[in-house]
Amino acid sequence: MVNIYLLLIFLPMIAALFILLINNSNFRKAIVFLMSAVLISASIYSISQGDRLLRLSHSLNFALEYLITFADYFLLAIIFLIGTKLKNKLISLLAILQFVFMFVFEFKVGKLEVENIFFVDHLSFIMLLLINIIGPLIAIFALSYMDEHEKHLHLEKSRQNIFFAIIMLFLGAMNGLVISNNILWVYFFWEITTLCSFLLISHDQNEESIKNATRALLLNSIGGLSFVIGIIFMYYKSGTVALNEIISSQDSSILMIPIAFLALAAFTKSAQMPFQSWLLGAMVAPTPVSALLHSSTMVKAGVYLVLRLSPVFIDTWLSKIVAVAGAFTFVSAALLAIFQSNAKRVLAYSTISNLGLIIALSSIANVYAIYAAALLIVLHGVSKALLFLCVGSIEQGIGSRNIEDMDGIKYKMPIVAFLTLLGSVSMLLPPFGVLITKWIAIEVSTQNIVAMLEIILGSAFTVVFWTKFIGKILSDGKDKNKIEKFEFVKHIPLMTISILVVLVSIFLIQFTNTFVVPFFKSSFARYSGVSSSNIKELYVKDFFGFNPVVFFGVLIAAVVLGALIYRLFKPKRYVPVYMSCENSDNFGFRGEKDKVVPFEFKNYYFETLTNEETVTLIVNVLSMALIAIMFGVILK
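Since we're looking at a predicted model, the values are computed, not measured.

Caption draft 1: Examining the overall build of the protein chain more closely. When helices and strands are counted, the protein chain shows 25 helices and five strands. Dimensions of the protein chain, computed from the C-alpha atoms along their principal axes, are close to 85 × 60 × 45 Å. Here the protein chain holds 636 residues, and the buried ones make up 60% of them. If you sum the accessible surface of the protein chain, you get close to 25,700 Å²; carbon and sulfur atoms cover 66% of it. One finds the centroid of the 46 positive side-chain charges in the protein chain at a distance of 2 Å from the centroid of its 38 negative side-chain charges.

Okay, here's the thing in structure tokens:
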């Protein structure tokens, strides 16, 4: 089994090297398809073998320890040089501080060996599924997308070898991050994702992309430094760097300081307020990058870390403050999403909002909160991958990502429009699972009144911005000419992800009982408020009184029946929209001097009341105050 986990980490990295060196389109496509098949198969096989702690042979463990230690310092040196090249002294300083702190720590304590090098439980399984199924599908979609993208940029020499090499490196690093037991290894893979995100955001090499990538590197370097400090405190407080031993610590109260620093690192990686600007800036990158960052990599690393450590700090003052901070991100990002007309920024704020909710749920001492947090990682990841890829396809089709330009998209690009509608509905309406997790969040947060109020308000804002988005996808347009052509490499990944969106919600109960229940039974066994030895199964119908399989069956039957009834009683003629004047057509009326006045149907973005900059400033100040309170309580 050890070989399978080594393969999941290092094979994508080896493939990345070949893709980088051999800049040939056919070779690149063959490697991407081959790696996709290998990663999906290997991840499913590893899950079928059950959770376990795995150790390497002494010689291999020894070699990998030294290899990763050297690579860690080499990585920090690269980040330092990037900071120097960008003339950003703060990035260079943060890289130096991480280097020095880590070097002094390792020099002082000597060689830190972890006997069981892989810690693979059901939380790891959830992450492995997300990384190794959604990630490869995004990579396959990118094969077609990047050809069109480079054609649009009029590049003389393709840079796709660099792009796909980084994608593969990213997937390998994420696999390493979620199965490593040694927290020093987790930090190493954490930093690889930081470097990969910088390279992907700056891929187009224009002024805006480099500027936004620099901001992403800076904010994630702050998180990296916080991670290093957390590791050092953790070792001196617990005497170990093994995650499984940290989680099972008998006296978790002494670990609050390191947990607070690790939580801050997670906040930066998951773009929580006030660190959200790097993820918003990442929207300048090619759309597959956005899909990857938002669904299965990078930002999910942060929420994974909080959920992984939650058994240590749950039901403490720290967990209460983290819950309030996460819920604050949930409500404020949902509010900011209402002001957006750029579809990618709407999706970005939605991601930030949902990540905040996951962090809040991970910090609430209730069995269903943990259940909802783990479930939302998957549900959000799958739906958001679909939505970003759809918006990227629409942008390439109509030349705009503004949702006000999407009138009539259902006629121009019917397949993508339908899939966009499906993805949007899955984030908002029953019987899809995201709504169920938010319902659960409101119920379980009653023990933290501030967090509960934030979640209720955030849920209301969520309805507003998704309704605006869905309204535009369904709206009519004057231009009804179809521009969409079916492309196997582009549309098959979209359809596959859309099927996954539906399947995950249909089989919520089975998914929960297979992955989530074993996770909290093993990790939270000592907390009576979180788990119980009598718990055998969790039923979603505890909240709704229905079974999702039955609900989806009724829904499908209703849709089919509705379509049949519509065909039978289809109207013979349509009455034009009445606009108080004589219509020229359904999109204008005749005004003064018989002049045709076009009719506009637009969303309202509250420009006359406030703006994004003002709200962001207020939100950032308040969120910084929350972080200051978090450290103030812990360090008192």
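Caption draft 2: Helix α3 (residues 58-85), seen in detail. For α3, which comprises 28 residues, the first-to-last C-alpha distance of 40 Å matches the rise-based estimate of 40 Å (1.5 Å per residue) to within 8%. Residues N61, L64, E65, I68, D72, Y73, L75, L76, I79, I82 and G83 constitute the buried set of α3. Buried-residue contacts for α3 involve α1 (2-21), α4 (89-109), α7 (183-201) and α8 (207-238). Two residues or fewer after α3 comes K87, characterised by a positive phi angle close to 60°.

Caption draft 3: Here's a closer look at the environment of S341. Structurally, the position occupied by S341 is in the loop between α14 (317-338) and α15 (343-362). The exposure class of S341 is partly exposed, given its relative accessible area of 23%. Sequence separation between S341 and E404 is 63 residues; the distance between their C-alpha atoms is 6.8 Å. Residue contacts for S341: discarding those within four places in its chain leaves R401, N402, I403 and Y605.

Caption draft 4: Examining helix α21 (residues 488-506) more closely. Look at α21: 26 Å from first C-alpha to last across 19 residues, which is about the 27 Å you get at 1.5 Å a residue. Those residues of α21 not exposed but buried are K490, H491, P493, L494, I497, S498, V501, V504, S505 and I506. Structurally, α21 contributes buried residues whose contacts are with α5 (122-153), α16 (367-398), α18 (414-426), α19 (433-444), α22 (508-523) and α24 (548-568).

Caption draft 5: Representation of the environment of S277 in the model. Structurally, the position occupied by S277 is in helix α11 (residues 277-281). Linking S277 and R215, residues 62 residues apart in sequence, is a C-alpha distance of 7.9 Å. With sequence-adjacent residues up to four places away left out, S277 is seen in contact with R215 and L219.

Caption draft 6: Summary view of the layout of surface pockets. Of the volumes computed, that of the largest pocket is approximately 880 Å³. Every element with two or more residues in the lining of the largest pocket is listed here: α1, α3, α6 (160-179) and α7. In terms of residues, the lining of the largest pocket owes the most to one element, α3, which gives nine residues. Split by residue class, the lining of the largest pocket holds 26 nonpolar, three polar and two charged.

Caption draft 7: Local environment of the packing of α16 against α19. Two elements in contact, α16 and α19, have axes whose closest approach is 9 Å; the angle formed by their N-to-C orientations is 155°. Classed by the angle they form, the pair α16 and α19 counts as roughly antiparallel. Note on packing geometry: the crossing formed by α16 with α19 is left-handed. Residues Y368, A369, Y371, A372, L375, L376 and L379 of α16 touch α19, and the partners they reach there are G433, V434, T437, I440 and V444. In terms of residue class, the contact of α16 with α19 is made up of 10 nonpolar, two polar and no charged.

Caption draft 8: The arrangement of the nonpolar core in detail. Membership of the largest hydrophobic core comes to 234 residues, with the highest contact counts inside it found for Y5, F118, F189, F227, W278 and L318. If one sorts the elements of this core by residue count, α16 sits on top with 22 residues. Ignoring sequence-local partners within four residues, the contact set of L318 consists of M256, I259, A260, F313, M630 and I634.

Caption draft 9: Geometry of the packing of aromatic side chains. Applying the stated criterion across every chain yields a total of 22 aromatic pairs. Ring centres of Y368 and Y371 lie 6.3 Å apart, and the angle between their planes is 80°; on these two criteria the pair is classed as edge-to-face. Of this pair, Y368 and Y371 both sit in helix α16, separated by three residues, roughly a single helical turn. With a centroid separation of 5.0 Å and 45° between ring planes, the pair formed by F511 and F515 is classed as tilted. With F511 and F515 both in helix α22 and four residues apart, the pair spans about one turn of that helix.

Caption draft 10: Highlighting the side chain of S290. For S290, the location among the structural elements is in helix α12 (residues 287-295). Among residues more than four places away in sequence, those in contact with S290 are A282, M283, A285, K344 and F388.

Caption draft 11: Region of the structure containing a nonpolar patch on the surface. Residues I96, F99, V100, F101, F103, V104 and F107 make up a contiguous nonpolar surface patch of about 650 Å² in total accessible area. For F99, the position within the fold is in helix α4.

Caption draft 12: Summary view of the pattern of salt bridges. Applying the stated rule across the entire model yields 10 salt bridges. Put simply, R308 and D121 hold a salt bridge, and the shortest N to O gap is 2.7 Å. On the criterion of sequence distance, the pair formed by R308 in helix α13 (residues 299-313) and D121 in the loop between β2 (118-120) and α5 is long-range, its members being 187 residues apart. Across this residue pair, the class does not change: R308 and D121 are buried. Note that E487 and K490 form a salt bridge whose closest N and O atoms lie 4.0 Å from each other. Take K490: its relative accessible area is 9%, and that puts it in the buried class. Sharing partners across several salt bridges, the network here consists of E404, D407 and K472.

Caption draft 13: Highlighting the confidence of the model for the protein chain. For the protein chain, the mean per-residue pLDDT works out to 88, and 94% of the residues sit at or above 70. Taken as a whole, residues 530-534 scores under 50 in pLDDT and shows nine contacts with residues more than four places along the chain or in a different chain.

Conventions we followed
Residues numbered from 1 in each chain as written. Predicted model: local features only at pLDDT ≥ 70, side-chain atom pairs only at ≥ 80, totals over all residues. Heavy atoms only, no water. Helix = DSSP H or I, 4+ residues; strand = E, 2+ residues; numbered from the N terminus. Buried < 20%, exposed > 50% of the residue type's maximum accessible area, 1.4 Å probe, protein only. Areas by Shrake-Rupley, 256 points an atom, 1.4 Å probe, with all protein chains shown as cover. Lys, Arg positive; Asp, Glu negative; His and termini not counted. Charge placed at Lys NZ, Arg CZ, Asp CG, Glu CD. Expected span 1.5 Å × (residues − 1). Contact = heavy atoms within 4.5 Å. 1 Å grid on protein atoms, 1.4 Å probe; cavity = no way out; pocket = protein on both sides within 12 Å on 5 of 7 lines; lining within 4 Å. Points joined across faces, edges and corners; volume = space filled by probe spheres on them. Nonpolar A, V, L, I, M, F, W, Y, C, P; charged D, E, K, R; others polar. Axes fitted to C-alpha atoms, helices over the stretch in contact; angles between N-to-C directions. Parallel < 35°, antiparallel > 145°, perpendicular 65-115°, else oblique. Left-handed = near helix turned anticlockwise from the far one by under 90°. Core = buried A, V, L, I, M, F, W, Y, C linked by side-chain atoms within 4.5 Å. Phe/Tyr/Trp six-rings, centres within 6.5 Å; stacked < 30°, edge-to-face > 60°. Patch = residues over 30% accessible without salt bridge, like charges linked within 9 Å, V, L, I, M, F, W, Y side chains within 5 Å. Salt bridge = Lys/Arg side-chain N within 4 Å of Asp/Glu carboxyl O. pLDDT = per-residue confidence, 0-100.

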